[in-house]
Amino acid sequence: MPGLIGRKIGMTSVFSADGKNIPCTVIEAGPCVVTQVKTVEKDGYKALQLGFGEAKEKRTTKPLLGTFKKAGTTPKKHLVEFKFDGEYNLGDTITVELFNDTEFVDVIGTSKGKGFQGVVKRHGFGGVGQRTHGQDDRARKPGSIGACSYPAKVFKGMRMAGQMGGDRVTTQNLRVLKVIPEKNLLIVKGSFAGCNGSTVLIEK
């Protein structure tokens, strides 16, 4: 199985064997239930659909209720597909013990939304010129955006003001420090995108 669905608990720090204080993030990884098994014959590809987190039955659509009933599980809040060709059956539970022999993982989260921001905060621009000689309203402006006589357009991808945050961000190669199976916890070194309590994907 390539990964699991989890929830970011928050950051803390642990001491290594040589006395170093290591910043780390605690993730509640699973348990996840196999809610669907996709096959080449029926769906055209092989994959497993995992469910994580409890949902209210009255807020679940009838087609999904049928899916959960077939799997023999309660309604789940989050559903994610993982491409995988392995021996898992409908209704199987996958826990954090999946990462027992894993040294590094990739974590996919949604970055914190910061609204509409200017170029200084969004892209780290230095501002235009000095704040003297009448430039009182241009200190945090982007300056020229590159349009000229030919081509008479602004090139796609120009860094400008706009919506900041709320993006899907993958943080690669986070070292697994500890797996706590009795509490479904995974402790990884460092940080990744997302607020506390947000849903994340953990991949080997």
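Residues numbered from 1 in each chain as written. Predicted model: local features only at pLDDT ≥ 70, side-chain atom pairs only at ≥ 80, totals over all residues. Heavy atoms only, no water.

Every other side chain in a regular strand lies on the same face of the sheet, so the side chains alternate between the two faces. Pairing of strand 1 (residues 3–15) with strand 12 (residues 199–203), which is carried by five bridges, proceeds in the antiparallel orientation. Its bridge partner lying in strand 12, I5 is registered against L201. One ladder, built from three bridges, connects strand 7 (residues 104–110) with strand 12; its direction is antiparallel. The residue bridging V107 from the neighbouring strand is I202, located in strand 12. (Pairing = 2+ DSSP bridges. Helix = DSSP H or I, 4+ residues; strand = E, 2+ residues; numbered from the N terminus.)

With that settled, the discussion passes to the state of the cysteines. Two cysteines form a disulfide when their sulfur atoms are joined by a covalent bond. Tallying each qualifying case throughout the model produces zero disulfides. Cysteine C24 is unpaired, with the sulfur of C195 as its nearest cysteine sulfur at 18 Å. Overall, the relative accessible area of 0% leaves C24 in the buried class. (Disulfide = S-S within 2.5 Å. Buried < 20%, exposed > 50% of the residue type's maximum accessible area, 1.4 Å probe, protein only.)

Positive charge collects at one region of the surface, where K56, K58, R59 and K77 lie side by side. Positionally, K77 belongs in strand 5 (residues 76–82). K77 gets classed as exposed once you look at its relative accessible area, which sits at 59%. (Patch = residues over 30% accessible without salt bridge, like charges linked within 9 Å, V, L, I, M, F, W, Y side chains within 5 Å. Areas by Shrake-Rupley, 256 points an atom, 1.4 Å probe, with all protein chains shown as cover. Salt bridge = Lys/Arg side-chain N within 4 Å of Asp/Glu carboxyl O. Lys, Arg positive; Asp, Glu negative; His and termini not counted. Charge placed at Lys NZ, Arg CZ, Asp CG, Glu CD.)

Moving on, we come to the confidence of the model for the chain. Here the chain shows a mean pLDDT of 91. Residues at 70 or above account for 100%. Within the chain, helix 1 (residues 40–43) has the poorest average pLDDT of any element, 90, and strand 8 (residues 115–117) the best, 97. (pLDDT = per-residue confidence, 0-100.)

Pairing in this open sheet of four strands is antiparallel, and the strands run 5-4-3-6 from one edge to the other. Of all strands in the sheet, those with a lone pairing partner are strand 5 and strand 6 (93–94), marking the two edges. Pairing analysis gives five bridges linking strand 3 (residues 32–38) to strand 4 (residues 47–54), with the strands arranged antiparallel. Opposite V33, over in strand 4, you have G51 as the bridge partner.

A word on the pairing of strand 2 (residues 21–29). Across nine bridges, the pairing between strand 1 and strand 2 is antiparallel. The residue bridging K8 from the neighbouring strand is I27, located in strand 2. As consecutive antiparallel partners, strand 1 and strand 2 are separated by five residues, and within that stretch G19 has a phi angle of approximately 90 degrees, a positive value. Bridge count between strand 2 and strand 11 (residues 185–189): five bridges; the pairing is antiparallel. Each bridged residue has a counterpart across the sheet, and for T25 the counterpart in strand 11 is V188.

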